[in-house]
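Chain by chain, the residues:
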Amino acid sequence: MAEFEDLTEYNHMINEEPYDVNDPKLVHDRLIARRIYDKMNRANFEDQETLDKLTDELFGSHGKNCGIRPSFICDYGYNIHVGDNFFANFDCILLDTCDITIGDNCLLAPRVQLYTAAHPLDQTERLNWIGYGKKITIGNNCWIGGGSAVMPGVTLGNNVVVGGGSVVTKSFGDNVVIAGNLAHVIKQNEPK
């Protein structure tokens, strides 16, 4: 985790409380993340050593065999924690104002969006750049189909498949295939 001089707004953010999006330390941390993921996005994807080093700098933690295709975008990076054999295909966006925790053997298809970030419904708070977030947790052996969006506060169990183009606004347990806008269970997915 990054070093913090004034933890007040960071603590509000990570604790799923309203916080000042324009807090100077948080703005600084987003710029650092952008510099790192810009380097990742320009790196030769065959140069795994460089990509591993940049992933070490960006993510809070990660397991073995972490593959990320350009163009990858996140808010902070240090709130992203992935297990072994993680793969994010082209154009994924992980807005990590709160923790995004992903288990082992998980695949994100192109243009998957994981959003922990949100804004208040009250227009005065929004106009004053108040934000909040809710963590996202994804279990082991999950596959999130292309163009899907997972909203703040969602937990997906183990062995969950999300159909392409789905909008996931609520949590689901283990061994299901979900799809749709709004996502719902379309079948069971028991391991063989």
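Read on for a plain summary of the structure. All figures in this text were calculated on a predicted structure; none of them were measured in a lab.

Analysis parameters
Counting of residues starts from 1 at the beginning of each chain's written sequence and follows it residue by residue. With pLDDT at 70 or above as the cut-off, local features in this predicted model cover only qualifying residues; side-chain atom pairs require 80 or more to be listed or tallied, and sums for whole chains, interfaces and linings still use all residues. Each side-chain value is derived from all of the structure's non-hydrogen atoms; neither hydrogens nor water enter the calculation. In DSSP terms, a helix is any run of H or I states spanning at least four residues, a strand is any run of E spanning at least two, and both are numbered starting from the N terminus. Expected helix span is given by 1.5 Å per residue-to-residue step, counting one fewer step than there are residues. Only protein chains enter the calculation, and the probe is 1.4 Å; a residue is then buried if its accessible area is under 20% of its type maximum, exposed if over 50%, and partly exposed in between. Our arc is simply the arc of the directions from the helix axis toward the C-beta atoms. Contact criterion: two residues are considered in contact whenever any of their non-hydrogen atoms come within 4.5 Å of each other. What goes into a patch is any residue over 30% in relative accessible area without a salt bridge, connected to like charges within 9 Å or, for nonpolar side chains (Val, Leu, Ile, Met, Phe, Trp, Tyr), within 5 Å. Exposure was quantified through the Shrake-Rupley algorithm and a 1.4 Å probe, taking into account, for residues, occlusion by the shown protein chains and nothing else. Salt bridges are defined as contacts in which a side-chain nitrogen from Lys or Arg sits within 4 Å of a carboxyl oxygen from Asp or Glu. Neither His nor the chain ends is counted toward charge; the positive residues are Lys and Arg and the negative residues Asp and Glu. A charge is said to be at NZ when it belongs to Lys, at CZ for Arg, at CG for Asp and at CD for Glu.

### Here's the deal with helix α2 (residues 24-42)
Stage number 1. Helix length check: α2 (19 residues) gives 27 Å between terminal C-alpha atoms against 27 Å at 1.5 Å per residue, within 8%.
Stage number 2. Among the residues of α2, those classed as buried are Lys25, Leu26, Asp29, Ala33, Ile36, Tyr37, Met40 and Asn41. The arc that holds every buried residue of α2, seen down its axis, measures 145°, which confines them to one face. Facing away from the buried side of α2 by over 90 degrees, the exposed positions are Pro24, Arg35 and Arg42.
Stage number 3. Of the surrounding secondary structure, the elements contacted by the buried residues of α2 are α1 (8-14), β1 (19-20), α3 (48-58), β3 (67-68) and β4 (73-74).

### Remarks on a negative patch on the surface
Stage number 1. A surface patch of like charges, here negative, comprises Asp47, Glu49, Asp52, Asp56 and Glu57.
Stage number 2. With respect to the helices and strands, Glu57 occurs in helix α3.

### What about unusual backbone geometry?
Stage number 1. Cis geometry is found at the peptide bond from Pro70 to Ser71, where omega equals 0°.
Stage number 2. Topologically, Ser71 is positioned in the loop between β3 and β4.
Stage number 3. With omega at 10°, the peptide bond leading from Asn181 into Leu182 counts as cis.
Stage number 4. Summarising the element assignment, Leu182 is placed in the loop between β19 (176-180) and β20 (183-188).
Stage number 5. Here the phi dihedral of Arg111 falls at roughly 60°; this positive angle occurs in a residue that is not glycine.
Stage number 6. Take Arg111: it is sitting in the loop between β9 (107-108) and β10 (113-115).
Stage number 7. Given the relative accessible area of 54%, Arg111 is considered exposed.
Stage number 8. You will see that Trp129, though not glycine, has its phi angle at about 55°, which is positive.
Stage number 9. Mapped onto the secondary structure, Trp129 falls in the loop between α4 (123-127) and β12 (130-133).
Stage number 10. Under the relative-accessibility criterion, Trp129 is labelled partly exposed at 46%.

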